[in-house]
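Summary of the model geometry
Below, each chain spelled out in residue letters.
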Amino acid sequence: MIKKIGLLTSGGDSPGMNACIRAVVRTAVHYNIETVGFIRGFEGLIDNDFVKLGRESVSGIIHRGGTTLKTARSERFLTDKGLGMAVDTLFKHEMEGLVIIGGDGSFRGAIEMSKLIKIPIVGCPGTIDNDLVGTDFTIGYDTAINTVVEAIDKIRDTAESHDRIFVVEVMGRDAGLIALRSAIASGAEALLVPELKHDSENLIEKIKTWRSTKSSKIIVVAEGDESGGAFKVAEIIKKHCPEFDLRVSVLGHIQRGGNPTCMERVNASIIGFNAVKAIMKGHSNEMIGIINKKVSFTPFEKAVKHHQALNSDLVELIEILGS
Ligand code: F6P
């Protein structure tokens, strides 16, 4: 019987993390398990900065973006000293399990900890990037793409009034999944993502065909695209097609905030609930996800080794519908 578990959020925050925190805590309460929340992810583990969490402490948070446990990209945890201190904290609390809500970097941390302490550690995929294998949607992705679509819709209004081209940069250092779905949903005319080879000649050829049409055009660029981002793309376009009226819009961190969508809250609740159940069943070093509406378990080793690939059907879709 598990009596006490730890909980933390780590890496970039994402909408829906609070819904997941709430689900973990309330499921634990239901099974008479105590939950200790560590503040600022691995930083809180290193410093033993914690808060005891009960049913009431997670009320009124399901609809809020960000993470009430706070988060960090901990540099100290990457050192042997930091890792050792974090593990010591778990021993000090006589922790019998740990739930980590975060992305691949956080799961790499979990793998390192599990070499030093033998308690069940499970992960909940929390990142707006959706780049983890083992789940159809990470916590935060659905809200982020809806935020992007809402922003591009607004950009479209002004672009249409002025017959302008807009190069819109969205988040995704290594992954173009935010760019791909939001480009389809906003009716974008072109897409540049890290997974697809950057071909500026092709892009320029395409833009030249736009000369005959007087209307707005949207090019969605993922920040990690090999072009170097929206401003670089704009430079190339200005050089080869100076007659176009062109503007750049970098959406930035608005993509990480905001109230989670309904789908996000439900998925995050399912994942948090199953994280506690998984610990009770003795699962360890696994990420909880949802694939085809079913709960799935993916070893951390696999989740950190592979990135979710772009769906080639969706790539074809944007190429045909956006042309
Ligand atoms: O968490 C994922 C992410 O939002 C990426 O899309 C982005 O590249 C990165 O985090 C930005 O991180 P930070 O807020 O630490 O600069």
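Residues numbered from 1 in each chain as written. Predicted model: local features only at pLDDT ≥ 70, side-chain atom pairs only at ≥ 80, totals over all residues. Heavy atoms only, no water.

1. Describing the overall build of the protein
Rule in force here: Only DSSP runs of H or I reaching four residues or more are called helices, and only runs of E reaching two or more are called strands; each is numbered from the N terminus. Residue exposure (1.4 Å probe, protein chains only): buried if accessible area is under 20% of the type maximum, exposed if over 50%, otherwise partly exposed. Only heavy atoms enter the contact rule, under which two residues are in contact if any of them lie within 4.5 Å. Reported accessibility uses the Shrake-Rupley method at a 1.4 Å probe radius. Residues are deemed covered only where the shown protein chains occlude them. In this charge count, Lys and Arg are treated as positive and Asp and Glu as negative; neither His nor the chain ends contribute. Lys charges are placed at NZ, Arg charges at CZ, Asp charges at CG and Glu charges at CD.
Within the protein one finds 11 helices and 11 strands. In terms of overall dimensions, the protein has C-alpha extents of about 70 × 35 × 30 Å along its principal axes. The 323 residues of the protein split such that 56% are buried. Taking as baseline every contact in the protein between residues at least 6 positions apart, the subset at least 24 positions apart corresponds to 76%. Of the roughly 14,500 Å² of accessible surface on the protein, a fraction of 51% belongs to carbon and sulfur atoms. Side-chain charges of the protein comprise 39 positive and 41 negative groups, with the mean position of each set lying 5 Å from the other.

2. With respect to the pairing of strand S4 (residues 98–102)
The line we're drawing: For two strands to be treated as a pair, DSSP must find at least two bridges joining them.
A large share of S4 lies buried, amounting to 5 of its 5 residues. Side chains of S4 alternate between two faces, with Leu98, Ile100 and Gly102 and Val99 and Ile101 buried alike. Two elements, strand S1 (residues 4–9) and S4, share 4 bridges in a ladder whose sense is parallel. Paired with Leu8 across the bridge in S4 is Ile100.

3. Let's talk about the nonpolar core
In plain terms, the rule: In plain words, nonpolar cores are sets of buried Ala, Val, Leu, Ile, Met, Phe, Trp, Tyr and Cys residues tied together by side-chain atoms within 4.5 Å.
In this structure, Val168, Val170, Ile178, Leu191, Ile218 and Val220 are the most contacted members of the largest nonpolar core, which totals 30 residues. If you list the elements that add at least two residues to this core, you get helix H5 (141–162), strand S6 (165–170), helix H6 (177–185), strand S8 (217–222) and helix H11 (312–321). If you tally residues by element for this core, the top one is H5, at 8 residues. Every residue in contact with Leu191, bar those within four places of it in the chain, is listed here: Ala179, Leu180, Ala183, Val220 and Ile318. Among the nonpolar cores identified, the runner-up in size contains 29 residues, and Ala19, Cys20, Ala28 and Leu69 belong to it.

4. Section: the sheet that holds S4
Strand pairing in a sheet relies on backbone hydrogen bonds, with the paired strands running either antiparallel or parallel. Worth spelling out the cut-off: Axes here refer to lines fitted to C-alpha atoms; in helices the fit is confined to the stretch in contact. Angles between the N-to-C directions go from 0 to 180 degrees.
The 7 strands are arranged S3-S2-S1-S4-S5-S10-S11 in an open sheet whose pairing can be described as mixed. Edge positions in the sheet fall to strand S3 (50–53) and strand S11 (294–299), since each has one partner strand and no second. Sheet twist, expressed as the mean angle between neighbouring strand axes with direction ignored, is 30°. Sitting on the sheet, helix H4 (residues 104–114) is in contact with S4, strand S5 (121–125) and strand S10 (286–291), with an inclination near 155° to S4.

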